[in-house]
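Results of the structural survey
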Amino acid sequence: MDVSINTFRKAVGNLAGQWLTAGLPSRQGLDEAAGNLARLREHLTLHGIWEDPPCMVTATLDDGLGQGLAVIEKYALLIGMRLVRLGLMQTPEAIVEACRRHQPDYLGLTILQLDTEDDLTGIANRLPCKTRIVAGGPVFAADPDFAGRTGIHYAARNVAAFLRFMVDQACSRQSSGLT
């Protein structure tokens, strides 16, 4: 593996580990950390933590503000993911159609309310086989079994957990030869 990619993966993983241990910084702190990682990535002349970056479609079902999704999208781009942003308050049909069209590796969703359970289950059942759902939002803390019931592959409690998951995915892809 390229030494530069390994260096960047370690920096991202270390930052995620620090936040998972000590808690997330303020929004300004998140922006400053993103700037520092962007400068490191530029210095290393990389696109991200993958040689062949995965694609992620992002959307919300029931979140009209999208503050958490905006942070996830910023860091997803920073680590080199290809993003297809659908936007806020998308219908299940629009999300499934976009995933069928773009064939993403990941579908990133923000979920706020428990009443989205049927919609999420329907989305999960109609996605391309290769697409894994990574979701976040307060619903997962309110109901720890919600992810399992709805077909969510990974529930990230915050951007630190998202970054840790993606670094693990990048290392897993690399070790299996998928880079």
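Please read these numbers as outputs of a predicted model, since none were measured by experiment. (Residues numbered from 1 in each chain as written. Predicted model: local features only at pLDDT ≥ 70, side-chain atom pairs only at ≥ 80, totals over all residues. Heavy atoms only, no water.)

**Quick notes on the pattern of salt bridges**
Enumeration over the complete set of coordinates arrives at 6 salt bridges. Across the pair lysine 130 and aspartate 105 runs a salt bridge whose closest N-O atoms are separated by 3.7 Å. Taken together, the residues lysine 130 in the loop between α5 (117-126) and β4 (132-136) and aspartate 105 in the loop between α4 (92-102) and β3 (106-110) connect sequence positions 25 residues apart. The exposure class of lysine 130 is partly exposed, given its relative accessible area of 44%. Between arginine 149 and aspartate 143 there is a salt bridge, with its nearest N and O atoms 2.5 Å apart. Accessibility expressed as a relative area gives 16% for aspartate 143, which makes it buried. (Salt bridge = Lys/Arg side-chain N within 4 Å of Asp/Glu carboxyl O. Helix = DSSP H or I, 4+ residues; strand = E, 2+ residues; numbered from the N terminus. Buried < 20%, exposed > 50% of the residue type's maximum accessible area, 1.4 Å probe, protein only.)

**Details of the packing of helix α2 (residues 27-43) against helix α3 (residues 67-78)**
Across the interface, α2 lies against α3 with an axial gap of 10 Å and an inter-helix angle of 15°. Of the possible angle classes, the one that applies to α2 and α3 is roughly parallel. The two elements α2 and α3 cross, and the hand of that crossing is left-handed. Residues Arg27, Leu30, Asp31, Ala33, Ala34, Leu37, Ala38 and Arg41 of α2 form the contact with α3, whose own contacting residues are Gln67, Ala70, Val71, Lys74, Tyr75, Leu77 and Leu78. (Axes fitted to C-alpha atoms, helices over the stretch in contact; angles between N-to-C directions. Parallel < 35°, antiparallel > 145°, perpendicular 65-115°, else oblique. Left-handed = near helix turned anticlockwise from the far one by under 90°. Contact = heavy atoms within 4.5 Å.)

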